[in-house]
Structure formats: C-alpha cells, structure tokens
Amino acid sequence: MILTVKNLSVTIGTKKAVDNISFSIKPGEVIGLLGANGAGKSSTIAAVLGIEKSNYEELTMLGKSPILHRKEVFQEVGVQFQETNFQDKLTVREACEQWESLYKQTADVHLLLQTFGLVGKETQLVKSLSGGERQRLAVLLALISNPKLVFLDELTTGLDTKARRMLWKQLLAMKEKGLAIVLTSHYMDEVEALCNEILILKEGTTVFHGTIQEAISASEKATLEDAYLHFAGQEEWV
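Quick look at the structure, then. Computed from a prediction, not measured in an experiment: that's the story for all the values here.

Scoring rules and cut-offs
- Residues numbered from 1 in each chain as written.
- Predicted model: local features only at pLDDT ≥ 70, side-chain atom pairs only at ≥ 80, totals over all residues.
- Heavy atoms only, no water.
- 1 Å grid on protein atoms, 1.4 Å probe; cavity = no way out; pocket = protein on both sides within 12 Å on 5 of 7 lines; lining within 4 Å.
- Points joined across faces, edges and corners; volume = space filled by probe spheres on them.
- Helix = DSSP H or I, 4+ residues; strand = E, 2+ residues; numbered from the N terminus.
- Nonpolar A, V, L, I, M, F, W, Y, C, P; charged D, E, K, R; others polar.
- Patch = residues over 30% accessible without salt bridge, like charges linked within 9 Å, V, L, I, M, F, W, Y side chains within 5 Å.
- Areas by Shrake-Rupley, 256 points an atom, 1.4 Å probe, with all protein chains shown as cover.
- Salt bridge = Lys/Arg side-chain N within 4 Å of Asp/Glu carboxyl O.
- Buried < 20%, exposed > 50% of the residue type's maximum accessible area, 1.4 Å probe, protein only.
- Axes fitted to C-alpha atoms, helices over the stretch in contact; angles between N-to-C directions.
- Parallel < 35°, antiparallel > 145°, perpendicular 65-115°, else oblique.
- Left-handed = near helix turned anticlockwise from the far one by under 90°.
- Contact = heavy atoms within 4.5 Å.
- Phe/Tyr/Trp six-rings, centres within 6.5 Å; stacked < 30°, edge-to-face > 60°.
- Lys NZ or Arg CZ within 6 Å of the ring centre and 35° of its normal.
- Pairing = 2+ DSSP bridges.
- Core = buried A, V, L, I, M, F, W, Y, C linked by side-chain atoms within 4.5 Å.

1. Comments concerning the layout of surface pockets
Here is step 1: The space that makes up the largest pocket amounts to roughly 380 Å³.
Here is step 2: When contributions to the lining of the largest pocket are tallied by element, the ones reaching two or more residues are helix H4 (109-115) and helix H6 (161-176).
Here is step 3: The residue inventory of the lining of the largest pocket, partitioned by class, reads eight nonpolar, four polar and three charged.

2. Describing a nonpolar patch on the surface
Here is step 1: Residues Tyr 56, Ile 67 and Leu 68 make up a contiguous nonpolar surface patch of about 320 Å² in total accessible area.
Here is step 2: Secondary-structure assignment places Tyr 56 in the loop between helix H1 (41-48) and strand S4 (58-61).
Here is step 3: Residue Tyr 56 is classed as partly exposed on the basis of its relative accessible area of 36%.

3. Looking at the packing of helix H3 (residues 92-100) against helix H5 (residues 131-142)
Here is step 1: In the contact formed by H3 and H5, the axes pass within 10 Å of each other and the chain directions differ by 25°. For the element pair H3 / H5, the angle class is roughly parallel. Handedness of the crossing formed by H3 with H5: right-handed. Residue-level contacts link Val 92, Ala 95, Cys 96 and Trp 99 of H3 to Leu 137, Leu 140 and Leu 141 of H5.
Here is step 2: For the contact of H3 with H5, a count of residues per class yields seven nonpolar, no polar and no charged.

4. Section: empty space enclosed by the protein
Here is step 1: In the structure shown here, the tally under the stated rule is one cavity of 30 Å³ or more.
Here is step 2: Roughly 40 Å³ of volume is contained in the largest cavity.
Here is step 3: Lining the largest cavity are Ser 24, Ile 25, Glu 29, Val 30, Ile 31, Asn 196 and Glu 197.
Here is step 4: Sorting the residues of the lining of the largest cavity by element identifies strand S2 (15-25) and strand S3 (30-34) as the ones contributing at least two each.
Here is step 5: For the lining of the largest cavity, the residue count by class is three nonpolar, two polar and two charged.

5. Regarding unusual backbone geometry
Here is step 1: Positive phi, normally seen in glycine, also occurs at Asn 20, with a value near 55°.
Here is step 2: Phi is positive for Glu 203, close to 50°, though the residue is something other than glycine.
Here is step 3: Of note, Glu 203 is situated in the loop between strand S8 (197-202) and strand S9 (205-210).

6. Structural notes on the packing of aromatic side chains
Here is step 1: Within this structure, the stated rule accounts for one aromatic pair.
Here is step 2: We note Arg 164 situated over the ring of Tyr 187; from NZ or CZ to the ring centre the distance is 4.3 Å.

7. A few points about the pairing of strand S1 (residues 3-12)
Here is step 1: Across seven bridges, S1 lies against S2 in antiparallel orientation. Paired with Leu 3 across the bridge in S2 is Ile 25.
Here is step 2: Counting the residues in the hairpin turn of S1 and S2 gives two residues, including Gly 13, whose phi is positive at 70°.
Here is step 3: Of the pairings in the sheet, the one linking S1 to S4 comprises four bridges and is antiparallel in character. Looking at the pairing, Lys 6 lines up with Glu 58 of S4.

8. A few points about the nonpolar core
Nonpolar side chains in soluble globular proteins tend to end up buried together.
Here is step 1: One finds Cys 96, Phe 116, Leu 137, Leu 140, Leu 143, Leu 155 and Ile 198 to be the most contacted residues of the largest nonpolar core, which totals 51 residues.
Here is step 2: It is helix H9 (residues 224-232) that provides the largest number of residues to this core, a total of six residues.

Here is the structure:
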C-alpha cells in the first residue's frame, strides 16, 4: 500500500472533526474524499499530512510514518492545496526553481510546463497568470518531485471545461504509470473521470466507502450525483 489510514480521528476544541476514518490506496489508484463543506475532508488530509494533530491506529505513507519520518516521506509525496499563496514578485520559473530546491530528485520541469500548457509563461509573474493557469501551476508544483503519491484539494475549482478535461487527461496518464492520488472534489464528473473509490463524509464520519457503482447501487439512485446527495444528507436542499 502507498497509503494506509486506520481509525484516524481529529478533535478541534471540543468537537470531533474526524471520527475513526479508515482507507488505503495502492499505486495507480485514485480515492475521492467527498462531503459538504465542514464534513471533515480538509481536516482528514491535514491529519494524514501531519499538519493537524490526530489519533490513529495506523498511519503509514510509502511504508513509513509521515509524522516520524517526515523529511524522507515527503521527498516522494506531492501536495496541491485549494489555495496556493505565491509571493508577489515571483515568476513561474522562480516558483519552479524554489520547489525543485526542496527535493533531491525532480521531474523534467520543461516537460511538466509543456504538459500543463505553461511553456512561454516562464518569465511571467505568477500573480499575472489567469486563475486557471495558477491552478495548473499549483498542480505542476505538486508533481515536481516526481511523487508516488499526490494530494489534490479541489483540483479544478475555477477552471473552464477545456482546462479541466486537459488536467484530467494528464492525471489519468500519470495514474497509468503508477501515481496514487487522494482527491477532494465537489464535481461528480471529475470524480467519475478519475476515482477508483470514493469515501463520503458527513459530520466527520464515513457514510459510504466503495466504488462509484457500489454507491449508486447502495443508494438506489440513477446517478453518482444523486447517490452523493443521498449519503451526504443533502437531498432535502435540492
């Protein structure tokens, strides 16, 4: 397993933000963490990454503890947060160089720039890029270490249809080569395009864990979107 999470819990103040969540992921698999805002998706990712304090029975990444062997593990793990804040006067090239300096080995940056449609933008200030270009750059930087596992938080928020599909295509190609992905998303078409399994959270607990087809069958709904709304307890709002 690339990632194993067993009975993970996060308490913030007096509230249990995440309650005994378990999942695992193999090379070349994508798991989608789904749920309404406040369901516990971000707290789960923060805890798995060691940013948020947590309790767990088992937490291993690439066979090691991401808490105890942090430096070693994160040489092979990439992270794209929902909002990546860049310095005001940073160019695309400088951003790539900064990220490259964090790792012993890196992917071919020019190839990544080509892959994500950013060739010719190297001397542009990151702040002058369009929202979609900044998002693509954030994903590129998460992949710069040539990771075995990457966390993508709200991958295509703010992207147009063409840009979203381009990103999916590139990630599917990387998935074929063994990249494992933990994805949070509010877009069910994205989940259907990328995910092998989904974990639906409601108020910090797992209300469904399985394949997309299993979710549709278990909910007795016709589509993943309806199944998701059913499990997330949001049907009454529709």
